[in-house]
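Listed here are the chains, written in short residue letters.
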Amino acid sequence: MQENLVIVESPAKAKTIEKFLGKGYVVKSSFGHIRDLSKKELGIDIQNDFTPHYEISPDKKKTVAELEKLAKEAGTVWLASDEDREGEAIAWHLSQVLGLKDDKTKRIVFHEITKNAILHAIENPRTIDLNLVNAQQARRILDRLVGFELSPVLWKKIKPSLSAGRVQSVAVRLIVEREREIMDFKAAAYYRVLADFTVTDADGKKSAFRAELSKRYATEQEALALLEKCKTAVFTVRNVERKPSKKSPAAPFTTSTLQQEAGRKLGMSVSQTMSVAQRLYEAGYITYMRTDSVNLSGQAIAAAKAEIVKLFGEKYSEVRNYKTKTKGAQEAHEAIRPSYMDKTVIDAAPAEKRLYDLIWKRTIASQMAAAQTERTVVDIEISNAEERFVATGETVLFDGFLKLYSESTEDEAQEGEEALLPPLKQGDRPEAKSVTALQRFTQSPPRYSEASLVKRLEELGIGRPSTYAPTISTIITRGYVVKENREGGKRGYVQLKLEKGEIVRKELSEHVGKEKNKLSPTDIGMLVTDYLDQQFTDVMDYNFTAMVEKEFDEIAEGDKSWVDMIRKFYEKFHSTVDRALESQPVRSSQPHLLGTDPKSGKPVYVKIGRFGPVAQIGDADDAEKPRFASLRKGQLIASITLEEALDLFTLPRTVGEFEEKEVVIGIGRFGPYVRHDGKFVSLGKTDDPYTIELDRAVSLIRDKREKDAKAKEPIRTYPEDDGLQVLNGRYGPYIAWQGKNYRIPKGYVPAELTLEQCREIIAKSKK
DNA sequence: CAGTGAGCGAGCTTCCGCTTGACTT
């Protein structure tokens, strides 16, 4: 029997704390919430002051039973869940479920997992803050009411199994609105003029630099006129301005900023980042990864300072305390940082290593001195024109934190950016080697990436660190949003180049619009968003969460009753639900008429059909049945053209025969394919399904046959033991032995496995 | 898994926030 039982939320945390507390304390974890509203029913007695009906979550029964037993035996139970709304509620649910008596129960909190912080907490216990608990109950009940009343409206009015909620519906709305901005965007052309100068210094040494014209032109004529003037112009440096500037490091990582940087720098998805971070946390390498705080413990700041002084010297250190600006942040934890600052590299799998390195650098950099730079702006006069050329350069006087880390941005780098400038002074006469006018285009706003969506949600105070990743997967699995790559396409542009007294005009082309893993709405996502926005304006408001959060804060302060708040909200909300239920269904979205099919003269529609968006030629009541073709990935009802719709009907098409069987080209769920003899082969990246011919299709079929034959061959066999093989399976390479299969642990190269290693793996996995 | 494009109408779907788990051929 233990004197003291301490309950925290996370098992990894429990392990660490147990070490700090030592004898007389047993530390267990609740694995988060142990109770919730019923999964199937509403679980709220609306008639009776919205009394919630809580149930112990099925997967928590075992945990609760164990805690119950330990709590009975313990002298004192210490409820040490996080110090925020959810944590307080967890403590309260525990006290209720475990039947804890007030005189043997203590509530403690700490923001950092250090020995001092924990001992300090033990010395300063308090009681459960029921106001904070009530704020959580209000949050929970509001979310349940919204989700469980809105979703059924969608089932009745649009389509079964859809969902809506305070967070997910707004996330989809952001993506839908961005898509509409992109659809409405008209790229405008303009002309940038760049000059490549050379300047000769006193020793006769020549150096080159680039400058841009202070003005941009709307038309080619204007740009050409300037180039004409440049033919005879004299260029004079009129002014050189040097301005010192300072760059400060970014704050340590929160969940959201970690997701953004891991996305940009390591190409990881939000959920990948979280699962790698989870492993780092469980291995004790980093602090907790679901946090909205940028705060570092005093101990961590001191350790970072020591590390910086050791690695770079005293002048690179600058102690900084960061404050959270995020709306609705609850700051129950520290920022995400290495557990030990002097651990510069870890021994782990590649993804873990890379993410750890990112966290280490960001944390250390946050405690480093600012970078000192000097920006130079050189103004160059054109003798026969009003306009000026401007060259800008930046030199780093002191690198400071940039020695280690600089934050990435999502925008692509601008061409002709800050470079080193040769020393220039007023009155210098640089010579223009060439002057180039380039046609450029204004850019539409970018589609959201997972991480930039998280950033936007965080700015709006919507969602929490623990829900960013699940929210994205919800809106994708519901079919509201897709994560896609876009190939983009060619765009022509004009270049006018003045060189050696002659202007040459060229029409060039560039590849634009290539996108990777960007989020865009589906037709159903747009339809549901429009419907919700129209019927439930309040809940869809970007400020809705911020407004209810304000009320939750008042409840937490004890200035408001949660029942009153919920009642007031529900009265209004429920009447909008009733009104929506009475209105007309939008089940089959209105067919959208695109035009007429030139071949048959029949109308061409697009609409959301039984199996998703579909194009239709002809009317249902025609004598001849209408023809249908599904829209392809990336095509939207709102933006598809008549031509694109008609193209859909040219597939599948038969290109000929091979081995006396038809060869058919089509586009399926997994992209363009060749079908032959009941088998499917994907087309290559460069193959166009609309123009591909029989020869190419047949060679694809032959390649596939060869590849399949190879894939079936074992990766390795062993002459000493012909019952043992390394094979290639659906989930990667594996070991097959005596009719059983064994996973190959990380760190082995399958093709190089020795017989001994295989036997070791088999022996180990038997345990 | 590579198509489908309706009127027999069962029973089901769904929220947000805490936490980690189990593992195929």
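Residues numbered from 1 in each chain as written. Chains lettered and ligands numbered in written order. Predicted model: local features only at pLDDT ≥ 70, side-chain atom pairs only at ≥ 80, totals over all residues. Heavy atoms only, no water.

Identification of chain A as DNA topoisomerase 1 from Alistipes hominis is taken from an unreviewed UniProt entry. Reading the Catalytic activity (unreviewed entry) entry of the UniProt record for chain A gives the comment "ATP-independent breakage of single-stranded DNA, followed by passage and rejoining." Taken verbatim from the UniProt record of chain A, the Subunit (unreviewed entry) comment is "Monomer." (UniProt positions renumbered as here; feature names shortened; annotations may be inferred.)

Student: Explain the overall build of chain A to me, please; I cannot follow it from the model alone.
Tutor: What chain A contains, in helices and strands, is 20 helices and 31 strands. Oriented by its inertia axes, the alpha-carbon framework of chain A measures out at about 95 × 85 × 75 Å. Every one of the 767 residues in chain A was classed for burial, and the buried ones make up 45%. Partitioning the intrachain contacts of chain A with sequence separation of at least 6 by distance along the chain shows that 69% fall at a separation of at least 24. Approximately 41300 Å² of chain A is accessible, and the part contributed by carbon and sulfur atoms is 49%. Positive and negative charge centroids in chain A, built from 121 and 116 side chains respectively, lie 3 Å apart. (Helix = DSSP H or I, 4+ residues; strand = E, 2+ residues; numbered from the N terminus. Buried < 20%, exposed > 50% of the residue type's maximum accessible area, 1.4 Å probe, protein only. Contact = heavy atoms within 4.5 Å. Areas by Shrake-Rupley, 256 points an atom, 1.4 Å probe, with all protein chains shown as cover. Lys, Arg positive; Asp, Glu negative; His and termini not counted. Charge placed at Lys NZ, Arg CZ, Asp CG, Glu CD.)

Student: Even after reading the chapter, I still don't get the pattern of salt bridges, so can you show me in this structure?
Tutor: Opposite charge on two side chains permits pairing when their charged atoms draw close. Throughout the structure, instances matching the rule amount to 52 salt bridges. R126 is the partner of E88 in a salt bridge, and the nearest nitrogen-oxygen pair spans 2.9 Å. Linking E88 in helix α3 (residues 85-97) with R126 in the loop between α4 (115-123) and α5 (130-157), this pair joins segments that are 38 residues apart in sequence. The class for R126 is partly exposed, based on a relative accessible area of 30%. Residue K361 is joined to D357 by a salt bridge in which the shortest nitrogen-to-oxygen separation is 3.1 Å. Of this pair, K361 and D357 both sit in helix α11 (residues 350-366), separated by 4 residues, roughly a single helical turn. (Salt bridge = Lys/Arg side-chain N within 4 Å of Asp/Glu carboxyl O.)

Student: Where do I start with the confidence of the model for chain A in this structure?
Tutor: Per-residue pLDDT for chain A has a mean of 91; in total, 97% of the residues score no lower than 70. Confidence over residues 412-416 falls short of pLDDT 50; this stretch has 5 contacts with residues more than four positions distant or in other chains. (pLDDT = per-residue confidence, 0-100.)

Student: Would you explain the sheet that holds strand β8 (residues 105-107) in this entry?
Tutor: Adjacent strands of a sheet form backbone hydrogen bonds with each other and so pair up, either parallel or antiparallel. Overall, parallel pairing links the 4 strands, which are arranged β2-β1-β7-β8 in an open sheet. Of all strands in the sheet, those with a lone pairing partner are β2 (25-29) and β8, marking the two edges. Averaged over all pairs of adjacent strands, the angle between strand axes in this sheet comes to 20 degrees, irrespective of strand direction. Sheet analysis places strand β1 (residues 4-8) next to β2, joined by 5 bridges and oriented parallel. Residue pairing for β2: I7 is matched across the bridge by K28. (Pairing = 2+ DSSP bridges. Axes fitted to C-alpha atoms, helices over the stretch in contact; angles between N-to-C directions.)

Student: Got a minute to help me understand the sheet that holds strand β16 (residues 481-486) in this structure?
Tutor: Taken together, the 3 strands give an open sheet; going across it, the order is β15-β19-β16, and neighbouring strands pair in antiparallel fashion. Strand pairing shows two members of the sheet lacking a second neighbour, β15 (448-449) and β16, which therefore form its edges. Here 5 bridges tie β16 to strand β19 (residues 515-521), and the two strands are oriented antiparallel to one another. The residue of β19 that forms the bridge with V482 is S520.

Student: When you look at the environment of Y190 in this model, what are you seeing that I'm missing?
Tutor: Relative to the assigned elements, Y190 resides in strand β9 (residues 189-200). In this structure the C-alpha to C-alpha distance between Y190 and V133, which are 57 residues apart in sequence, comes to 58 Å. With residues near it in sequence (within four places) discarded, Y190 still touches R216, Y217, L438, Q439, R440, F441 and T442.

Student: Please clarify how the pairing of strand β21 (residues 603-609) should be interpreted in this entry.
Tutor: Residues in a regular strand project their side chains so that they alternate between the two faces of the sheet. Where strand β20 (residues 592-596) lies against β21, 4 bridges are found, and the strand directions are antiparallel. Within β21, the residue paired with G595 across the bridge is V604. Sheet topology places β21 next to strand β22 (residues 612-617); 6 bridges connect them, and they run antiparallel. Paired with Y605 across the strands is Q616, a residue of β22. Here β21 folds back onto β22, and the loop between the two strands holds 2 residues.

Student: What exactly am I supposed to notice about the protein's contact with DNA strand B here?
Tutor: In the vicinity of DNA strand B there are 57 residues, among which H33, K40, S161, Y288 and R290 approach most closely. Within 4 Å of the protein, the contacting atoms of DNA strand B are drawn from sugar and phosphate to the extent of 49%. At 3.5 Å from a base oxygen of DNA strand B is found a main-chain nitrogen or oxygen belonging to G147. R675 is positioned such that a nitrogen or oxygen atom in its side chain is 2.8 Å from a phosphate oxygen of DNA strand B. For the surface near DNA strand B, the secondary-structure elements that each account for two or more residues are α5, α9 (270-282), β22, β23 (627-630), β26 (671-676), β30 (732-737) and β31 (740-743). With 9 residues, α5 is the largest single contributor of residues to the surface near DNA strand B. Of the residues that constitute the surface near DNA strand B, the class distribution is 19 nonpolar, 20 polar and 18 charged. (Near = heavy atom within 4 Å. Polar contact = N/O pair within 3.5 Å; in protein donor to acceptor, adjacent residues only side chain to side chain. Nonpolar A, V, L, I, M, F, W, Y, C, P; charged D, E, K, R; others polar.)

Student: Would you mind going over the packing of helix α8 (residues 255-266) against α11 with me for this structure?
Tutor: Where α8 meets α11, the axes come as close as 11 Å, and the angle between the chain directions of the two elements is 120 degrees. As summarised for this structure, α8 and α11 are arranged oblique, according to the angle between their axes. Crossing handedness for the pair α8 and α11: right-handed. Contacts between α8 and α11 pair T257, L258, E261, A262, K265 and L266 from the former with R354, L355, L358, I359 and R362 from the latter. For the contact of α8 with α11, the residue count by class is 6 nonpolar, 1 polar and 4 charged. (Parallel < 35°, antiparallel > 145°, perpendicular 65-115°, else oblique. Left-handed = near helix turned anticlockwise from the far one by under 90°.)

Student: Is there a simple way to explain the pairing of strand β10 (residues 206-213) in this structure?
Tutor: One ladder, built from 7 bridges, connects β9 with β10; its direction is antiparallel. Residue T200 lies in a different strand from β10, and its bridge partner there is K206. Counting the residues between successive antiparallel strands, the hairpin from β9 to β10 contains 5 residues, one of them, G204, with a positive phi of roughly 80 degrees. Note that β10 and strand β13 (residues 388-398) share 2 bridges and pair antiparallel. Bridge pairing in β13 links L213 to F389.

Student: Explanation requested: the UniProt feature "active site" (unreviewed entry) in chain A in the structure shown.
Tutor: According to UniProt, the "active site" (unreviewed entry) feature falls on Y288. For Y288, the location among the structural elements is in the loop between α9 and α10 (298-312). Ignoring anything within four residues of it in the chain, the contact list for Y288 reads Y281, H333 and I336. Polar contacts involving the side chain of Y288 include one to the side chain of R290, which spans 3.1 Å.

Student: In this structure, what is going on with helix α2 (residues 61-73)? I would like to understand it.
Tutor: End to end, α2 covers 19 Å across 13 residues, agreeing with the expected 18 Å (1.5 Å per residue, within 8%). Taken as a whole, α2 has its buried residues at T63, V64, L67, L70 and A71. Projection of α2 onto a plane perpendicular to its axis shows the buried side chains occupying an angular sector of 130 degrees, all on one side. Residues of α2 that are exposed and angled more than 90 degrees away from the buried face: K61, K62, K69 and K72. (Expected span 1.5 Å × (residues − 1). Arc of directions from axis to C-beta.)

Student: So what exactly am I meant to see when it comes to the packing of α5 against helix α16 (residues 544-556) here?
Tutor: Any two packed helices are characterised by the angle at which their axes cross and by the distance between the axes. Orientation of α5 relative to α16, taken along the N-to-C sense of each, is 150 degrees, at an axis distance of 7 Å. Classified by the angle between their axes, α5 and α16 sit roughly antiparallel to one another. Remark: the crossing between α5 and α16 carries right-handed chirality. Contacts between α5 and α16 pair N131, L132, N134, A135, A138, R139 and L142 from the former with F544, V548, F552, I555 and A556 from the latter.

Student: Which parts of the structure should I look at to understand the domain arrangement of chain A?
Tutor: Domain annotation of chain A identifies domain 1 (4-128), domain 2 (189-248 + 372-412 + 429-442 + 481-516), domain 3 (255-369), domain 4 (592-650), domain 5 (653-712) and domain 6 (716-766). Domain 3 and domain 5 are separated by 49 Å when their C-alpha centres are compared. (Domains from an automatic or database assignment.)

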